[in-house]
Amino acid sequence: MSVQASPTLFMAMATAATATSAHPDVVSIARVAPPSSLRRTRSKEMWARALRVRFPATLNRGRGFASKAGPQGKVQEAGQGTHSPRLATQGAGRVPAAKIEHLERLALVNFGSREAVARLEKAIAFADQLHAVDTDGVEPLESVLEDRCVYLRSDNVAEGNCTEELLRNSHHVVEEYFVAPPEMNPQPRNFPKNGQHSYLNKKAHLYTPAHILTPEI
Amino acid sequence: MLGRTLREVSAALKQGQVTPTELCKKCLSIIKKTKYLNAYITVSEEVALKQAEESEKRHKQGQPLGDLDGIPVAVKDNFSTSGIETTCASNMLKGYIPPYNATVVQKLLDQGALLMGKTNLDEFAMGSGSTDGVFGPVKNPWSYSKQYRERQRHDEHGDSHWLITGGSSGGSAAAVAAYTCFAALGSDTGGSTRNPAAHCGLVGFKPSYGLVSRHGLIPLVNSMDVPGIFTRCVDDTAVVLGVLAGHDPKDSTTVQDPIKLPMILGEMDVSRLCIGIPKEYLVPELSSEIRSLWSQAADLFESEGAKVIEVSLPHTCYSIVCYHVLCTSEVASNMARFDGLQYGHRSGIDVSTEAMYAATRQEGFSDVVRGRILSGNFFLLKENYENYFVKAQKVRRLIVRDFMNAFDSGVDVLLTPTTLSEAVPYLEFIKEDNRTRSAQDDIFTQAVNMAGLPAVSVPVALSNQGLPIGLQFIGRAFCDQQLLTVAKWFEKQVQFPTIQLQDLMDDGSLVLENGKLTSVSLT
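Calculation criteria
- Residues numbered from 1 in each chain as written.
- Chains lettered and ligands numbered in written order.
- Predicted model: local features only at pLDDT ≥ 70, side-chain atom pairs only at ≥ 80, totals over all residues.
- Heavy atoms only, no water.
- Core = buried A, V, L, I, M, F, W, Y, C linked by side-chain atoms within 4.5 Å.
- Buried < 20%, exposed > 50% of the residue type's maximum accessible area, 1.4 Å probe, protein only.
- Helix = DSSP H or I, 4+ residues; strand = E, 2+ residues; numbered from the N terminus.
- Contact = heavy atoms within 4.5 Å.
- Disulfide = S-S within 2.5 Å.
- Pairing = 2+ DSSP bridges.
- Right-handed = clockwise from strand over helix to strand, strands pointing away.
- Axes fitted to C-alpha atoms, helices over the stretch in contact; angles between N-to-C directions.
- Parallel < 35°, antiparallel > 145°, perpendicular 65-115°, else oblique.
- Nonpolar A, V, L, I, M, F, W, Y, C, P; charged D, E, K, R; others polar.
- Expected span 1.5 Å × (residues − 1).

Chemist: Sorry if this is basic, but what is going on with the nonpolar core here?
Modeler: What tends to happen in soluble globular proteins is that the nonpolar side chains get buried as a cluster. In this structure, Met116, Phe124, Phe301, Phe403, Phe473 and Phe490 of chain B are the most contacted members of the largest nonpolar core, which totals 193 residues. The dominant element in this core, judged by the number of residues it contributes, is helix H10 (residues 316-334) of chain B, at eleven residues. The contacts of Phe473 of chain B, once residues within four sequence positions are left out, are Phe301, Val413, Leu414, Leu415, Pro454, Ala455, Val456, Val458, Leu483, Val486 and Phe490 of chain B. Listed in part, the six residues of the second largest apolar core include Leu108 and Ala180 of chain A together with Met356 and Ala358 of chain B.

Listed below in structure tokens is the structure:
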């Protein structure tokens, strides 16, 4: 059911509420009896009035977002009469194939299907609603702790020496090294031809020594 | 014992009325009985029993460590636990055994708490239903409550209509709601603790950003993540927070302000309180029942002398969009560490580093996670960085300013709904995809994470269907104790009913009289 907010809506909701307030099944907060001076019976009128008084602004709320950040074009078409931004499916642009490939390469994650690309397009359309906000003169916020001097500990080795434990979690280790496959297009290297370095000529490529790592993910 | 508060149980343990081993065994048996809820990924039975033994020794010597000594707790599976598998409900970390404890876990253990196990979640805490992890969805214990079942038609008594817990910390919520432990840790990035707390009838607390250490919490969004606390009453939350809060040298985003301990919530003079109602939170999608409860709650404060005023948070409608951009961007960065080399899943494809990384991440991550990584990478592309990522950071500042303005106008605490509706059936929930659901369900909760404010969801009443509904209180930054004091007063007024879990009542584990827990059998 899609609900359009309108000046009469809240009145309608309030009326509905009054109709049910006397019904035994209506949801209400079961609470300890207030002191007798505050104990009063809620008449149907008071109930409706309470709801109206509580949220009077909605009576004057027209369509679209009531926000100083003047909604324009896309936003209004996306979510008329509601407070929550909707998917602007009409505005969802297609992401070009080259960009898809580029993203896959950067993220090292495959899209895998047309649906996944469509989901990205919807996500972008959703994010596009930000452009309706006026942020002139506003600095980006990186951390809510920006006004504080946060603690930095001194650059001393305080823990570690857990090589065994760290190596245990890896699927492919050689002595104290994690092993990675070779690069995609390795540059030719000039290794001596004697047998001493034949190990390096094998498929495995040495990676990071475990002993310089700390345990945290 | 199970129906008591943490302090009461702690006192009972000190007096020898019950032993930690008895408590531990009871909780383990309930875990077994409620296995169908799928709340736990790993049950650390041996560890818990050993801890119980040690706790018992301490109690016998009259030297308990504190209020949490001997108390069963559970931890969400995205907190690292030394020697215990930590999976984040993902194939990427199946079999991963961390070599260290998260700071918050260490703090609980240092106080003698008994670790019952690691709870289920949405994969990498991405989601609002606890339905998207590789170990399957979590079922809301209230689906099996007498209160819910007696209001359903007879032909719906089969198991296919079970309800979601909400997410992403659904396992922790289910674990506490089903009496398998007294408290559980969750995480809260966009509402992941408050949402399931509301759906499961629990107190779900999100501390101020910077109050509790994130060291060992596998990160989702570094600038918004916080550990969250689930308990059955507000006093218990204060006990746990008192243990967890404080500066951690291993997490430089924790502040160094001193914290008054122990955290005891005193009485409050409601007539000196100013409650703010953000008008933009009254959205048409909000269920009429919750709207009504919200209004009644406001009236309740007013009738006790508090000042209740309407406030405006004008950028509310953009906050979910802003959250979406910042969240996916930080996720893209945080998920880059999973390449299969040092830990976690590693693909068999060994042709080249890139091929191995790509295959590992394809095999290890679900669609949801991959989708967020790709979206995030899109927003972080050089050509998009200013228009999306930096833009979102600017909008974030506007949202933070909105909250500051509201508090500066004299408001002490904001009162809002936590969720749009009560818990929905799983079959209903999965009709929309993860991102859509998250955008819908996080609507009242994520702005709080962007501003780093403390917030708590308190269970208020049962809906017409017999399901829990919670309301959210939002406080000023680092005024967590004051926030909890308000929540405690409110909790006392509303007297939310105990869940009547058929299974536990049938075998005599829980005995209720007039909806109140009177006793628990420990055999």
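Read on, since the account is not over.
Chemist: Looking at this structure, I do not really get the state of the cysteines. What am I missing?
Modeler: In protein structure, a disulfide is the covalent linkage between the sulfur atoms of two cysteines. Residues and elements named next belong to chain B. Taken as a whole and assessed by the stated rule, the structure comprises zero disulfides over all chains. Sulfur of Cys27: no disulfide; nearest cysteine sulfur belongs to Cys181 and is 7.0 Å away. Looking at the unpaired Cys233, the closest cysteine sulfur is the one in Cys181, lying at 13 Å.

Chemist: Help me understand the pairing of strand E10 (residues 455-462) of chain B, please; the structure alone is not making it clear to me.
Modeler: A regular strand places its side chains on the two faces of the sheet in alternate fashion. All names here are of chain B. Here E10 lies mainly inside the structure; eight of its eight residues are buried. Bridge count for strand E5 (residues 203-206) against E10 is three bridges, and the pairing is antiparallel. Residue pairing across strands places Gly204 opposite Ser457, the latter belonging to E10. Pairing of E10 with strand E11 (residues 468-474), which is carried by seven bridges, proceeds in the antiparallel orientation. Bridge pairing in E11 links Val456 to Phe473. In this structure, the hairpin formed by E10 and E11 is closed by a connection of five residues, where Gly466 is found at a positive phi of approximately 85 degrees.

Chemist: For this particular structure, what's the right way to read the pairing of strand E7 (residues 274-278) of chain B?
Modeler: Residue and element names in this part refer to chain B. In terms of burial, E7 is largely enclosed, as five of its five residues are buried. Here E7 shows two buried faces, one formed by Cys274, Gly276 and Pro278 and the other by Ile275 and Ile277. Pairing analysis gives five bridges linking E7 to strand E8 (residues 307-311), with the strands arranged parallel. Bridged to Pro278 within E8 is Val311. A crossover links E7 with its parallel partner E8, the connecting element being helix H9 (residues 288-303), and its sense is right-handed. As paired strands, E7 and strand E9 (residues 413-417) are joined by two bridges and run parallel to one another. Pairing of Gly276 across the sheet is with Leu414, part of E9.

Chemist: Explain the sheet that holds E8 of chain B here, please?
Modeler: In a beta sheet, neighbouring strands pair by backbone hydrogen bonds and run either parallel or antiparallel. All names here are of chain B. On the basis of which strands lie adjacent, the open sheet formed by eleven strands has the order E1-E3-E2-E4-E6-E5-E10-E11-E9-E7-E8 and mixed pairing. What marks the edges here is a single partner per strand, and that holds for strand E1 (40-43) and E8. Mean inter-strand twist for the sheet, computed between neighbouring axes without regard to direction, equals 30 degrees. The sheet contact formed by E5 and strand E6 (residues 226-231) spans three bridges and is antiparallel. Residue pairing across strands places Phe205 opposite Ile229, the latter belonging to E6. The strands touched by helix H6 (residues 170-177) are E1, strand E2 (72-76), strand E3 (114-119), strand E4 (183-188) and E6; relative to E4, the strand with the most contacts, the crossing angle is about 160 degrees. The strands that H9 touches are E7, E8, E9, E10 and E11; relative to E11, the one it contacts most, it runs at about 50 degrees.

Chemist: Just checking my understanding: could you explain unusual backbone geometry for this structure?
Modeler: Most peptide bonds take the trans form, and the phi angle of most residues other than glycine is negative. In this chain, Gly167 of chain B is followed by Ser168 of chain B through a cis amide linkage whose omega measures 10 degrees. Of note in this structure, Leu108 of chain A is not a glycine but carries a positive phi near 55 degrees. Position of Leu108 of chain A relative to the elements: it lies in the loop between helix H4 (97-107) and helix H5 (114-127). With phi around 50 degrees, Asn161 of chain A is a residue other than glycine that occupies positive phi space. Position of Asn161 of chain A among the secondary structure elements: in the loop between H5 and helix H6 (163-168).

Chemist: Honestly, the packing of helix H12 (residues 367-380) of chain B against helix H13 (residues 382-408) of chain B in this entry has me stumped. Any pointers?
Modeler: How two helices pack is summed up by the angle between their axes together with the distance between the axes. All names here are of chain B. Interaxial distance between H12 and H13 falls to 5 Å at its minimum, and their mutual angle equals 95 degrees. Taken as axis vectors, H12 and H13 run roughly perpendicular relative to one another. In contact with Phe378, Phe379 and Leu380 of H12, H13 contributes Lys382, Asn384, Tyr385, Tyr388 and Phe389. Residue composition of the contact of H12 with H13, by class: six nonpolar, one polar and one charged.

Chemist: Explain helix H2 (residues 20-33) of chain B here, please?
Modeler: Residue pairs spaced three or four apart in an α-helix point in one direction, given the helix's 3.6 residues per turn. For H2 of chain B, built from 14 residues, the straight-helix expectation of 20 Å at 1.5 Å per residue is met to within 8% by its first-to-last C-alpha distance of 20 Å. Where H2 of chain B is concerned, the buried positions are Pro20, Thr21, Leu23, Cys24, Lys26, Cys27, Leu28, Ile30 and Ile31 of chain B.

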